[in-house]
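Here is how the chains run, residue by residue.
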Amino acid sequence: GKRMVELGTKTILAGCMAVTFGPGAVETAALGDLAKRLGFGAVAAYTPELELPSERLVFYIVHALLPDAGKQRVLRGLRASEHQLRRYAPIICVVPKGPRHQIVPLVQMGFDEVLFLGDQLPDLRRRLTEQLCQDILYVRSERYFGPDRRRIELIDPQDPRRKPGGAFYKRMNVHRDP
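Residues numbered from 1 in each chain as written. Predicted model: local features only at pLDDT ≥ 70, side-chain atom pairs only at ≥ 80, totals over all residues. Heavy atoms only, no water.

**Considerations on the environment of Ile12**
Put simply, the rule reads: For the purposes of this entry, the term helix denotes a DSSP run of H or I that reaches at least four residues, the term strand denotes a run of E that reaches at least two, and both are numbered from the N terminus. Residue contacts follow a heavy-atom distance rule, with two residues in contact if any of their heavy atoms lie within 4.5 Å.
With respect to the element layout, Ile12 can be found in the loop between α1 (2-8) and β1 (17-21). Not counting residues within four places of it along the chain, the set of residues in contact with Ile12 comprises Thr129, Leu132, Cys133 and Pro178.

This is the structure we're talking about:
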């Protein structure tokens, strides 16, 4: 059937792993199911004991219903990692439903991409593969390290949130090849 054809599509994501973070078992299972349907080669729910592959590119997929403190812990923990693949890993937030403007605070928080569960799988897959094999601007200031938050054009250029923090402001290109 249609599902088999979809699973048979060899995507670049098949070479990647997805590690999921949810507020509870139901949401975590839903993220795992989504990751499998998107074509990730390996999928695991995060636990402190989880052995992360050292060579395989990992996408970290966070459910929007995880409380903000939990989201921050995931973002800060990965971005502070000594391991380069983790420090520059794609960290994705998945929003179950609702208004699109939810994307703004999530990008402000430092997520690489925000996906809406209701969107079509090919669209979600395309947005994830855009995280790979091309240069992505990352910035580092005293208070923030992660993807360029000024990529959200919904925010007025004069808005103080568009201003890089502090005098020290470093830009770098991140290139991920699975």
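**Quick notes on the sheet that holds strand β4 (residues 91-95)**
Hydrogen bonds between backbone groups are what pair the strands of a sheet, and the pairing can be parallel or antiparallel. The condition that has to hold: Strands are treated as partners if at least two bridges between them are detected by DSSP. Whenever a helix is involved, its axis is fitted only over the stretch in contact; in every case the axis is a line through C-alpha atoms, and angles between N-to-C directions fall within 0 to 180 degrees.
Strand order in this open sheet of five strands is β2-β1-β3-β4-β5, and the pairing throughout is parallel. Lying at the two open borders of the sheet, with one neighbouring strand each, are β2 (42-45) and β5 (113-116). Across the sheet, the mean angle from the axis of one strand to that of its neighbour is 25 degrees, orientation sign disregarded. Two elements, β4 and β5, share four bridges in a ladder whose sense is parallel. The partner of Val95 across the bridge, within β5, is Phe116. Of the strands in this sheet, β1, β3 (58-63) and β4 touch helix α3 (residues 68-79), which is tilted by about 165 degrees from β4.

**A word on the confidence of the model for the protein**
Rules: On a range of 0 to 100, pLDDT expresses the predictor's confidence in each residue.
On average, residues of the protein score 86 in pLDDT, and 84% of them reach the 70 mark or higher. For the protein, α1 is the element with the lowest average pLDDT, namely 45, and β3 is the one with the highest, namely 98.

**Overview of the pattern of salt bridges**
Basically, it comes down to this: Put simply, a salt bridge is a Lys or Arg side-chain nitrogen that is within 4 Å of an Asp or Glu carboxyl oxygen. Burial here depends on accessible area, computed with a 1.4 Å probe over protein chains only, as a share of the maximum for the residue type. Under 20% is buried, over 50% is exposed, and the range in between is partly exposed.
All chains considered together, the criterion is met by nine salt bridges. Between Arg79 and Asp112 there is a salt bridge, with the nearest N and O atoms lying 2.6 Å from each other. In this pair, Arg79 sits in helix α3 while Asp112 sits in the loop between α5 (103-109) and β5, placing the two residues 33 residues apart along the sequence. With a closest N to O distance of 2.9 Å, Glu113 and Arg127 form a salt bridge. You can see Glu113 sitting in strand β5 and its partner Arg127 sitting in helix α6 (residues 121-129), a full 14 residues away along the chain. A single burial state applies to Glu113 and to Arg127, both of which are buried.

**Some details on the packing of aromatic side chains**
To keep things clear, this is the line we draw: Only Phe, Tyr and Trp rings take part, Trp by its six-membered ring, and two of them pair if their centres are within 6.5 Å. Stacked means planes under 30 degrees apart, edge-to-face means over 60, and tilted covers everything else.
This model, assessed by the stated rule, comprises six aromatic pairs. An angle of 80 degrees between the planes, with centres 5.7 Å apart, marks the rings of Tyr88 and Phe145 as edge-to-face. With a gap of 57 residues between them, Tyr88 in the loop between α4 (84-87) and β4 and Phe145 in strand β7 (residues 145-147) connect regions that are remote in the sequence. Under the relative-accessibility criterion, Tyr88 is labelled buried at 15%. Residue classification places Phe145 among the buried positions, given a relative accessible area of 13%. Both rings, one in Tyr138 and one in Phe145, keep their centres 6.0 Å apart while their planes meet at 65 degrees; by these two values the pair is edge-to-face. Side by side, Tyr138 and Phe145 carry an identical accessibility label, which is buried.

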